[in-house]
Amino acid sequence: MKTLSGISVSPGIVVGKAFLFVDEKPPIPQYAISSAQVAGEIARFKDAQGKAVAEAQALKIRTEAEMGSAGDRFLDAHLLMLSDPDFTGQVEAKLGELHFNVEWVMYEVIAELVKRLETSQDAYLRERAVDIYDVGKRLLDHLLKRERISLADLSEEVVLVTHNLMPSDTLLMNKRMVKGIAMDVGGKTSHTAILARSFEITAVLGLSEITRHVRGGDTVIVDGNAGAVIVDPDPKTRERYLSSSKEWQKREVRLSTLNELPAETRDGKLISLKANIEVPEETESVLSHGADGIGLYRSEFLFLKPGGFPSEDAQCEAYGQVLDAMGGKAVTIRTLDLGGDKVISELRVHGEKNPILGWRAIRFCLARPDLFKTQLRALLRASVRGDLRIMFPMISGAEELGKALAALEEVRRELRSERIPFREEVPIGIMIEIPSAALTSDILARKVQFFSIGTNDLIQYTIAVDRGNERVAYLYEPFHPGVLRLLRLIIDNAHAMSVPVSMCGEMAGDPLATVALLGLGLDTFSMSAARIPEVKQIIRAVSMSEAEEVVGTIMEMKSSVEIEKYVSGWMHERFEPLAR
Ligand code: PEP
Ligand code: MG
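Residues numbered from 1 in each chain as written. Chains lettered and ligands numbered in written order. Predicted model: local features only at pLDDT ≥ 70, side-chain atom pairs only at ≥ 80, totals over all residues. Heavy atoms only, no water.

A short note on the sheet that holds strand E1 (residues 2-5)
Next, step 1: An order of E1-E8-E7-E3-E4-E5-E6-E2 is seen for the eight strands of this open sheet, with the pairing classed as mixed. The open sheet has two edge strands with one neighbour each: E1 and strand E2 (7-10). Direction aside, the axes of adjacent strands within the sheet are offset by 30 degrees on average.
Next, step 2: Sheet topology note: the strand E7 (residues 219-223)/strand E8 (residues 228-231) ladder contains four bridges and is antiparallel. (Pairing = 2+ DSSP bridges. Helix = DSSP H or I, 4+ residues; strand = E, 2+ residues; numbered from the N terminus. Axes fitted to C-alpha atoms, helices over the stretch in contact; angles between N-to-C directions.)

A closer look at the site of ligand 1
Next, step 1: Around ligand 1, a shell composed of 14 residues is seen, among which Arg298, Arg334, Gly454, Asn456 and Arg467 lie nearest.
Next, step 2: Thr455 has a polar backbone atom sitting 3.1 Å from an oxygen atom of ligand 1.
Next, step 3: Interatomic distance of 2.8 Å between a backbone N/O atom of Asn456 and an oxygen atom of ligand 1.
Next, step 4: About the coverage of ligand 1: the protein hides 99% of its 290 Å² of free accessible area.
Next, step 5: For the shell around ligand 1, the secondary structure elements donating two or more residues are strand E11 (293-298) and helix H18 (455-463).
Next, step 6: It is H18 that contributes the most residues to the shell around ligand 1, three residues altogether. (Near = heavy atom within 4 Å. Polar contact = N/O pair within 3.5 Å; in protein donor to acceptor, adjacent residues only side chain to side chain. Areas by Shrake-Rupley, 256 points an atom, 1.4 Å probe, with all protein chains shown as cover.)

With respect to the pairing of strand E14 (residues 428-432)
Next, step 1: The buried fraction of E14 is high, at five of five residues.
Next, step 2: Alternating residues of E14 divide into Ile428, Ile430 and Ile432 and Gly429 and Met431, and every residue in both groups is buried.
Next, step 3: Sheet topology note: the strand E13 (residues 387-392)/E14 ladder contains three bridges and is parallel. Looking at E14, one finds that Met391 is bridged to Gly429.
Next, step 4: Two elements, E14 and strand E15 (residues 450-453), share four bridges in a ladder whose sense is parallel. (Buried < 20%, exposed > 50% of the residue type's maximum accessible area, 1.4 Å probe, protein only.)

Considering helix H12 (residues 312-325)
Next, step 1: With 14 residues, H12 should reach 20 Å at 1.5 Å per residue; the first-to-last C-alpha distance of 20 Å fits that figure.
Next, step 2: Looking one or two places after H12, you find Gly327, whose phi comes out positive at around 45 degrees. (Expected span 1.5 Å × (residues − 1).)

Regarding the domain arrangement of the protein
Next, step 1: Domain assignment breaks the protein into domain 1 (2-23 + 150-236), domain 2 (35-143) and domain 3 (263-574).
Next, step 2: Between the C-alpha centres of domain 1 and domain 3 the distance comes to 31 Å. (Domains from an automatic or database assignment.)

Quick notes on the nonpolar core
Next, step 1: Core analysis: the biggest nonpolar cluster contains 102 residues, and Phe392, Phe451, Leu487 and Phe525 have the highest contact counts within it.
Next, step 2: Ignoring any residue separated from it by four or fewer positions in sequence, one finds Phe392 in contact with Thr335, Ile362, Phe372, Leu376, Leu401, Ala404, Leu405, Leu408, Ile428, Gly429, Ile430 and Met431.
Next, step 3: Residues Met81, Phe87, Leu113 and Leu143 belong to the second largest nonpolar core, which totals 27 residues. (Core = buried A, V, L, I, M, F, W, Y, C linked by side-chain atoms within 4.5 Å. Contact = heavy atoms within 4.5 Å.)

Below, the structure is given as structure tokens:
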């Protein structure tokens, strides 16, 4: 028996037989050609390109029929790459220059592109290297007339164990048969993670060397709640996880019965539960989990996609699609939060000494009014399609907020003079995620219609602990008395001005924090959609007076250890073990 830990990207517990998927690159022949043969090699390349395009288009039609538009962006990226004149040009130029066969030349070009992306500072771009690699393999298969191993043919239930999955493999695979995914590489924003969440397949990624420890047919446990994979478990462990898996499935069925019910406390306070999304394709899962709306759409993911910067029209369409899909439910779209850990080379928001404290989010937008105003125009234009709310990230104080609001007013004036319709009364809010904003929330509350607390950053800046550094992760404490005092201050200041308060940081979806947040008076909780039923269950089981009592007690405590112990004990007396 061996236990490996990785990154939990899609929850659940699965015990199953491993299907080891090793889709190795075929050997690539290399032979010299004469100048007279170059044209023939180009023709072979174009033929392979045509076949790969037809294949991707067919896959797109099939994927759309199976899962709506969720797979489109990957296939669109492939189609874009396949018909990219730059790519074709590079292959043709290298053929003329090197005089080797086209398989070898094409793969050299691909390898260079992949290397460039893989060494990028930007995690998102690094993950996109897989798209290029996938396209290269497709072309190679056609050039070598090689049949691909297909996950579409799986006919029994398996846990898929692999080094990495090509996006097209993930789309093609027989999802009914794949019960769990365990992968050497990958993180929370990788393709596999996004798709696993949207198909609700339990997945643990970033396991480093799972493929070295598993043979096809081995029994494997994927614990997507704890982020662990157990290979070849002893009989006792196997039995224990089998029963946890059954419990998990029963719990999911039980929780899904709450989807249509309101998140109302026992004494009648109605709480709004919303979802956080990164890509428009997630709206289906948002609705199926009974969300009241979208509390945070991280719009920067639209800008991180391959294919360059989205135009005003493209942005307007993407925002409009989300509003349409949500059918009148509220959708809060956050303006660009690039910089920090979300860097992008085109915008040169990189190479900073202290990126987390640097040129990011609203600071960056105010310095680039061209980009900021384009996004604001797109947002306002889309506002006629639903209940849009606009939110500014990383506001540090009143002056910065004033500048953002002035830019918005300018855009409103422009649209009015161009007679372009938009909703005048779109509510405007800000993220409260910097301590100075929390401490001046009484001032800020006079200028906006809502707050949304970003605890991911607020905790990072309050405790001075880098949220991405695992060596100081032990200091990242949502129950730190300093954090709780700031939360109380923000909520009290906002409520004094009748401004509603949402929370869209991870803390909002942590079931252990639900009662404390309720007691502090939070109005809206926004979290990843799959978390909603469990948080709702807790809200429906407690009363505000109980929650306020819990808050009264923990506010007197001196450390997060003491607070967490107390809250855990309180929760354990009332509920089944929590999945954190
Ligand atoms: C936050 O900081 O809590 C938040 C929701 O924003 P992000 O995680 O995108 O920084
Ligand atoms: Mg943030």
